[in-house]
Amino acid sequence: MTSTIASRAYGQVNDLVGEGVHWPYLFVQHAIRPYHLSQFRWHARDHRSFVVIQGQAELGVVGEFGDISTTRYDYLQGWHVRPGTVYQLSNATDRPLVIVEAGTATGESRESAQAIALTELATTFECPPVSYYTVHKPWGHEVWYAQNLDGAEYAMKQIHMTKGHQSSLQSHERKAETNYVIEGEATVLNGTVAPANPDAVIDQDQLPASTHQPRTGWTSAPHILHRVIARSDYTSIEVSTPELDDVIRWQDDSGRRNGRIETEHSAGHE
């Protein structure tokens, strides 16, 4: 599913959505070599969110007077970048660093090796941490990273499923989503259009199936049946359109109905 967008001085950028797939979100991976850093970046209208999936990242944010504040983030931690912020990604360690980036791509973006070239464009001067709002599922849990990000037209989740469990067999009316495996192995059913009859009985043995291990993934369009079956403890990052309650459950091991399950959110926290 991944394809190379560009080779950069610091490493490589890969598209995780897939060639020929166009949704109103971006999902890319940055592989940053030890002791390397990106250029300074600025987006006029776009929100972006970043999560570390290998190593330790250092985020530099340019302040109102040209000063640069830095914050370090470890595995599965992350931050948001609001429109108008000037920032830089850095690997200050001797280990490879891999970061995934989600966001919109609707406006002008600029990059420069010198912060001063972008400073006067800055309108905001901080990058807040992602949300760690946790939704507890019968099969594991989800962390809704973008829960604290107002105005963004995408969602970003960490999905963790324990060995031997499976998600519901589901589809969405509007939501499109891309999953990228970070740890573990799963069988994924994906690719068949959901029946028009809501009472239809589906034989999942007839659905297309594939095995996914770390650094692989898939995209599910609206109206497509999909299910994840954990062959080991499994973790992925999902980026999607924002309709998180848009779920039609065709089969579910716990008998859950369609849509949002409020009891799963009762213990959620930031």
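Scroll up a little and you will see the structure.
Note that the structure is a prediction, hence the values are computed from the model and not measured.

A.B. asks: Report on the pairing of strand S12 (residues 133-137), specifying residues and quantitative values.
C.D. replies: If a strand is regular, its side chains alternate between the two faces of the sheet. In terms of burial, S12 is largely enclosed, as 4 of its 5 residues are buried. Hairpin geometry of S12 and strand S13 (residues 140-144) is characterised by an intervening segment of 2 residues between the two adjacent antiparallel strands.

A.B. asks: How would you summarise the sheet that holds strand S16 (residues 177-183) if you had to cite specific residues and measurements?
C.D. replies: Strand order in this open sheet of 6 strands is S12-S13-S14-S21-S16-S19, and the pairing throughout is antiparallel. The outermost strands of the open sheet, each flanked by one partner alone, are S12 and strand S19 (217-220). In this sheet, adjacent strand axes meet at a mean angle of 20 degrees when their direction is disregarded. Summarising the sheet, S16 and strand S21 (residues 234-240) pair through 6 bridges and their orientation is antiparallel. Each bridged residue has a counterpart across the sheet, and for Glu 177 the counterpart in S21 is Ser 240.

A.B. asks: Explain the sheet that holds strand S7 (residues 68-73) to me, using residue names and the numbers behind them.
C.D. replies: Backbone hydrogen bonds are what pair the strands of a sheet, in a parallel or an antiparallel way. Taken together, the 5 strands give an open sheet; going across it, the order is S7-S6-S9-S4-S11, and neighbouring strands pair in antiparallel fashion. The sheet is open, and its two borders are formed by S7 and strand S11 (109-112), each paired with just one other strand. Each neighbouring strand pair of the sheet contributes to a mean axis angle of 25 degrees, computed without reference to strand direction. Two elements, strand S6 (residues 57-62) and S7, share 6 bridges in a ladder whose sense is antiparallel. Within S7, the residue paired with Leu 59 across the bridge is Thr 71.

A.B. asks: Report on the environment of His 165, specifying residues and quantitative values.
C.D. replies: Tracing the backbone shows His 165 in the loop between strand S14 (155-161) and strand S15 (169-171). As for His 165 and Pro 138, which are separated by 27 residues in sequence, their C-alpha atoms are 8.4 Å apart. Leaving out residues up to four positions away in the same chain, His 165 has contacts with Pro 138, Trp 139, Val 228, Ile 229 and Ala 230. Here Thr 162 takes part through its side chain, which lies 3.0 Å from a polar atom of the side chain of His 165.

A.B. asks: Summarise the packing of aromatic side chains; cite the residues concerned and give the values.
C.D. replies: With the rule as written, the count across this model stands at 6 aromatic pairs. Pairing Phe 50 with Trp 79 gives two aromatic rings, centres 5.3 Å apart and planes at 15 degrees, and the pair type is stacked. With Phe 50 in strand S5 (residues 48-54) and Trp 79 in strand S8 (residues 78-81), this pair connects stretches of sequence that are 29 residues apart. Each member of the pair Phe 50 and Trp 79 is classed as buried. Seen in terms of ring centroids, Tyr 132 and Tyr 145 are 6.1 Å apart; in terms of plane orientation they differ by 85 degrees. Their pairing is edge-to-face. Of the two residues, Tyr 132 sits in the loop between helix H1 (116-119) and S12 while Tyr 145 sits in the loop between S13 and S14, which places them 13 residues apart along the sequence. Taking the relative accessible area as the measure of exposure, Tyr 132 reaches 30% and is therefore partly exposed. In textbook terms, an aromatic cluster arises when at least three aromatic residues are bridged by ring pairs, as seen for Phe 50, Tyr 73, Trp 79 and Tyr 87.

Each value, and the rule that gives it
Residues numbered from 1 in each chain as written. Predicted model: local features only at pLDDT ≥ 70, side-chain atom pairs only at ≥ 80, totals over all residues. Heavy atoms only, no water. Buried < 20%, exposed > 50% of the residue type's maximum accessible area, 1.4 Å probe, protein only. Helix = DSSP H or I, 4+ residues; strand = E, 2+ residues; numbered from the N terminus. Pairing = 2+ DSSP bridges. Axes fitted to C-alpha atoms, helices over the stretch in contact; angles between N-to-C directions. Contact = heavy atoms within 4.5 Å. Polar contact = N/O pair within 3.5 Å; in protein donor to acceptor, adjacent residues only side chain to side chain. Phe/Tyr/Trp six-rings, centres within 6.5 Å; stacked < 30°, edge-to-face > 60°.

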